[in-house]
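Overview (structure and organization)
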Amino acid sequence: MYPAAFDYHAPGTIKEALDLLGKHKDDAKLLAGGHSLIPMMKLRLAQPKHLIDLRKVPGLSGIKQDGNMLAIGAMTTHWEVESSSVVKSKLAVLSEVAALIGDPAVRNRGTVGGSIAHADPAADYPAAMIALGAEMVCEGAKGRRTVKVDDWFKGLMATAVGEDEILVEVRVPVLPASTGAAYMKFPHPASRFAVVGVAAAVTLDGKGACSKASIGVTGAGTKAVRAKGVEAGCTGKKLDAAAIEAAAQKAADGVDVQADLQGSVEYKSHLCRVFAKRALTEAVKRAGG
Amino acid sequence: MKLPVKMTINGQSYSHEVEPRLLLVHYIRETVGLTGTHVGCDTSQCGACTILMNGQAVKACNFFAVQADGANIMTIEGLAKDGELHPIQQGFWEKHGLQCGFCTPGMIMSAYQMLERYPKPSEELIRHQLEGNLCRCTGYHNIVKAIEWAAEHMPAKK
Ligand SMILES: Cc1cc2nc3c(=O)[nH]c(=O)nc-3n(C[C@H](O)[C@H](O)[C@H](O)COP(=O)(O)OP(=O)(O)OC[C@H]3O[C@@H](n4cnc5c(N)ncnc54)[C@H](O)[C@@H]3O)c2cc1C
Ligand code: FES
Ligand code: FES
């Protein structure tokens, strides 16, 4: 399968990349790992006339700790997140999420920025980014701006990144004290994409009650969303099995659950509840509850 | 628009002018003429086209040749040395790790990366690491055994 013909550019600086984007506008697409874009180009669902490969732009990959944040360059691969010692020690759940994406070859090429910018409705990172309260740094001709995760995912494969901008960094807070986080997904047997995936981060107060719960759901609808019903159901409660069960019942509320080849609305709503329960149970355990 | 690309494949250097949309797998098979790398699904699912690029497993059907400009590539043809099979190839021989053999080059290249990263893999790890490689014949059991055999017979790292 050959994609439609295109011109290929591999700019050596972010400025050059932005200039190319500005010049070719709608006719151009950025290329990161190519593990979402190239399949779409081969099916001719995407036919950019210009492909702007970010592989030579310096400073876009790598993970560093910046205060209480992990700053992850957009071109950092899933494997780098999976195997990073900083991520493993400061935010192990993120390395676990990365390790569940696709397969080893996909993880060698696919990037954090590509996944967050592409916003596939079944992608794994989006749920985790919502639960962990990440923020995205975009760069355009006028400079940088930061977008909070709750303002990022706009709809089916639509995000807050401007057409003339590049997502350059994803910033994820390390877990606060007495906080546990977990991600659980039901993977599609062939692609490993999430049929449904739920990420949970739970903070316990001194008495073992939940002072904050943050839950992201992916796979079920057109975009990853925050499960506000579950969060409200957890806050202030001692999260024993019964409380978790009750809170998880709200996992599909407010999610625009879509029927597709993977399952009916009823089935996917059910998976939301089941995986919310599993993610919460593990998060509470890791928080020391 | 054709672009020049230069890369090293199995220690030999190659330069060509290619269309940007030429996939790396077709470059390797048709332009360079190394047909050991297979095309199974052409949709980045099956792993038959797996090669190593700068030491990392890549599905060459989901990658443009122009992206590999300057890269160091190894394909299945690069494994045997002086007529001696590589331990992973030998493992597939010893443990009957193939039937039709179509998936085998990709399985072996994935196994190569696996044993670099995890020299003593458990059975569970092998199965998890092979998630991107599909086999329609063997049921995977003997492939797992072949990789276990190879792990035991790999020369010690210096
Ligand atoms: C077989 C297979 C299995 C997979 N399984 C999973 C899975 O289980 N879970 C999962 O989450 N994902 C899965 N994926 C998707 C994979 O994680 C992709 O790598 C990821 O979604 C996109 O990242 P990329 O770097 O490959 O982006 P690309 O494909 O290069 O780009 C995707 C889109 O984002 C845009 N873009 C890329 N980078 C930027 C940037 N820095 N700024 C602005 N826009 C940008 C591009 O223009 C393009 O429109 C799978 C993919 C394959 C092929
Ligand atoms: S041919 Fe490349 S993954 Fe199947
Ligand atoms: S041996 Fe036939 S596909 Fe694997």
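Here is what the cut-offs are and how they apply
Residues numbered from 1 in each chain as written. Chains lettered and ligands numbered in written order. Predicted model: local features only at pLDDT ≥ 70, side-chain atom pairs only at ≥ 80, totals over all residues. Heavy atoms only, no water. Near = heavy atom within 4 Å. Polar contact = N/O pair within 3.5 Å; in protein donor to acceptor, adjacent residues only side chain to side chain. Helix = DSSP H or I, 4+ residues; strand = E, 2+ residues; numbered from the N terminus. Nonpolar A, V, L, I, M, F, W, Y, C, P; charged D, E, K, R; others polar. Buried < 20%, exposed > 50% of the residue type's maximum accessible area, 1.4 Å probe, protein only. Pairing = 2+ DSSP bridges. Domains from an automatic or database assignment. Contact = heavy atoms within 4.5 Å. Salt bridge = Lys/Arg side-chain N within 4 Å of Asp/Glu carboxyl O. Buried area = accessible area lost by both parts, 1.4 Å probe. Axes fitted to C-alpha atoms, helices over the stretch in contact; angles between N-to-C directions. Parallel < 35°, antiparallel > 145°, perpendicular 65-115°, else oblique. Left-handed = near helix turned anticlockwise from the far one by under 90°.

Before going further, it helps to spend a moment on the site of ligand 1. By nearness alone, 30 residues border ligand 1, and Leu30, His35, Leu37, Thr111 and Asp124 of chain A come closest of all. Flanking ligand 1 are residues from chains A and B. Contact between ligand 1 and lysine 29 of chain A: an oxygen atom at 3.5 Å from a side-chain N or O atom of the residue. In the model, an oxygen atom of ligand 1 is placed 2.8 Å from a nitrogen or oxygen of the alanine 32 of chain A main chain. Elements that contribute at least two residues to the shell around ligand 1 include exactly β2 (28–31), α7 (112–118) and β10 (166–173) of chain A. The dominant element in the shell around ligand 1, judged by the number of residues it contributes, is α7 of chain A, at four residues. Here the residues of the shell around ligand 1 sort into 13 nonpolar, 13 polar and four charged.

What follows is about unusual backbone geometry. Residue and element names in this part refer to chain A. The backbone of arginine 44 sits at a positive phi, close to 60°, despite the residue not being glycine. Mapped onto the secondary structure, arginine 44 falls in the loop between α2 (37–42) and β3 (50–53). Residue alanine 119 is not a glycine yet carries a positive backbone phi of 55°. Mapped onto the elements of the fold, alanine 119 is located in the loop between α7 and α8 (125–132).

All names here are of chain A. In terms of burial, strand β13 (residues 210–218) is largely enclosed, as seven of its nine residues are buried. Taken together, the eight bridges between strand β12 (residues 194–204) and β13 define a ladder with antiparallel strand orientation. When the bridges of β13 are listed, valine 202 appears paired with alanine 213. Here β12 folds back onto β13, and the loop between the two strands holds five residues, one of which, glycine 208, carries a positive phi near 85°. A loop of six residues connects β13 with strand β14 (residues 225–226), the two strands running antiparallel in sequence, and glycine 219 in this loop sits at a positive phi of about 95°.

We now examine the pairing of β3 of chain A. Side-chain positions along a regular strand alternate between the two faces of the sheet. Residue and element names in this part refer to chain A. Going residue by residue along β3, you find His50 and Ile52 tucked away on one face and Leu51 and Asp53 tucked away on the opposite face as well. Here strand β1 (residues 7–9) runs beside β3; their pairing, made up of three bridges, is parallel. Pairing of aspartate 7 across the sheet is with histidine 50, part of β3. Both β2 and β3 contribute to a ladder of four bridges, which runs parallel.

As a further point, take the domain arrangement of chain B. All names here are of chain B. Along its sequence, chain B is carved into domain 1 (3–78) and domain 2 (87–153). On the side of domain 2, 14 residues touch domain 1, which itself brings 18 residues to the contact. Across the contact surface, domain 1 and domain 2 share zero salt bridges. The interface formed by domain 1 and domain 2 holds six residue pairs in polar contact (both at pLDDT 80 or more) in total. Every element with two or more residues in the side of domain 1 that touches domain 2 is listed here: β3 (50–53) and β4 (56–59). Residues that form the side of domain 1 that touches domain 2 fall into these classes: eight nonpolar, nine polar and one charged.

Another point: the domain arrangement of chain A. Residues and elements named next belong to chain A. Assigned domains within chain A: domain 1 (7–53), domain 2 (63–173) and domain 3 (179–286). Between the C-alpha centres of domain 2 and domain 3 the distance comes to 20 Å. Counting residues at the interface gives 24 residues for domain 2 and 25 residues for domain 3. Approximately 1800 Å² of surface area, both sides summed, lies buried where domain 2 meets domain 3, with 59% of it carried by carbon and sulfur atoms.

This part covers the packing of helix α2 (residues 87–94) of chain B against helix α5 (residues 141–153) of chain B. All names here are of chain B. One can describe the packing of α2 onto α5 by two numbers: an axis separation of 8 Å at closest approach and a directional angle of 135°. In terms of their interaxial angle, α2 and α5 are classed as oblique. For the pair α2 and α5, the crossing hand works out as right-handed. Contact with α2, carried on its side by Pro87, Ile88, Gln90, Gly91, Phe92 and Glu94, involves Ile143, Ala146, Ile147, Trp149, Ala150 and His153 of α5 and no other residues of that element. For the contact of α2 with α5, the class distribution of residues is eight nonpolar, three polar and one charged.

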